[in-house]
Amino acid sequence: MPRLNKFKVRVETGNKGMQEPVRFSFNSHLLPLEDISGGTQPGEVFEGGYEVRSVAHSMALVGPDKGEWSLKKITVDFECENTPPYSAEFPAVELNDTTELDIWKDPPLPTFDV
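In this text the structure is predicted, and so the values were computed from the model without any measurement.

**Digging into the side chain of R23**
And then number 1: Along the polypeptide, R23 turns up in strand β2 (residues 23–26).
And then number 2: The exposure class assigned to R23 is buried, which follows from its relative accessible area of 16%.
And then number 3: A polar atom in the side chain of R23 sits 3.1 Å from the backbone oxygen of G63.
And then number 4: Aside from chain neighbours lying at most four places away, what touches R23 is L30, L31, P32, A60, L61, V62, G63, P64 and D65.

**Remarks on the pattern of salt bridges**
And then number 1: Per the stated rule, a full pass over the model turns up eight salt bridges.
And then number 2: The partner of K16 in a salt bridge is E68, and the shortest N-O contact between them spans 2.7 Å. Here K16, found in the loop between β1 (3–13) and β2, pairs with E68, found in the loop between β6 (59–62) and β7 (69–80); they are 52 residues apart in sequence, far enough to count as distant.
And then number 3: Looking at K16, the relative accessible area reads 32%, which means it is partly exposed.
And then number 4: Taken together, the shared-partner salt bridges connect K8, R10, E12 and E47 into one network.

**With respect to the sheet that holds strand β3 (residues 29–32)**
And then number 1: Taken together, the four strands give an open sheet; going across it, the order is β3-β2-β6-β10, and neighbouring strands pair in antiparallel fashion. Every other strand in the sheet has two partners, leaving β3 and β10 (100–102) as the edge strands with one partner each. Pairs of neighbouring strands in the sheet enclose a mean axial angle of 30°, with direction left out of account.
And then number 2: Of the pairings in the sheet, the one linking β6 to β10 comprises three bridges and is antiparallel in character. Counted as the bridge partner of V62 is E100 from β10.

**Overview of the pairing of β6**
Residues in a regular strand point their side chains to alternate faces of the sheet.
And then number 1: The alternating pattern of β6 places M59 and L61 on one face and A60 and V62 on the opposite face, and all of these are buried.
And then number 2: For β2 and β6, the ladder comprises four bridges, and the chain directions are antiparallel. Residue pairing in the sheet places F24 in a bridge with L61 of β6.

**Focus: the nonpolar core**
And then number 1: L4, F7, M59, L61, V76 and F78 are the most contacted members of the largest nonpolar core, which has 27 residues in total.
And then number 2: Of all the secondary structure elements, the ones that give two or more residues to this core are β1, β2, β5 (45–55), β6, β7 and β8 (86–90).
And then number 3: The biggest single contributor to this core is β7, with six residues.
And then number 4: The residues contacting F78, other than those within four sequence positions of it, are L4, K6, F7, M59, P85, Y86, A88, I103, W104 and K105.

**Observations regarding the pairing of β3**
And then number 1: Looking at chain direction, β2 and β3 are connected through four bridges and run antiparallel. Paired with S25 across the two strands is L30, which belongs to β3.

Reading the values: the criteria
- Residues numbered from 1 in each chain as written.
- Predicted model: local features only at pLDDT ≥ 70, side-chain atom pairs only at ≥ 80, totals over all residues.
- Heavy atoms only, no water.
- Helix = DSSP H or I, 4+ residues; strand = E, 2+ residues; numbered from the N terminus.
- Buried < 20%, exposed > 50% of the residue type's maximum accessible area, 1.4 Å probe, protein only.
- Polar contact = N/O pair within 3.5 Å; in protein donor to acceptor, adjacent residues only side chain to side chain.
- Contact = heavy atoms within 4.5 Å.
- Salt bridge = Lys/Arg side-chain N within 4 Å of Asp/Glu carboxyl O.
- Pairing = 2+ DSSP bridges.
- Axes fitted to C-alpha atoms, helices over the stretch in contact; angles between N-to-C directions.
- Core = buried A, V, L, I, M, F, W, Y, C linked by side-chain atoms within 4.5 Å.

Here's what the structure looks like:
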């Protein structure tokens, strides 16, 4: 498993926004995102990240404690040790107090000509 140095998430909110801070779960630890900009109201774009510096076993975007948050588009940029930066996109989803979106993706495998 690679060591994740930091990541940045960009979320386009659909028709259901939320008032709460955006949180994520990293290796079962619930944390708020840092370096945030934008908003989480309907139609707004939110960006935030976190400098993790740890091996990623699990990583998820967590739903709000109250209500629902519809995510139209989610993009996550990863910076891991010993691998070039990479990104992952996720389809639309709706989160609530019982749901999470798994946003961890292993780095792409190296390619080479034979």
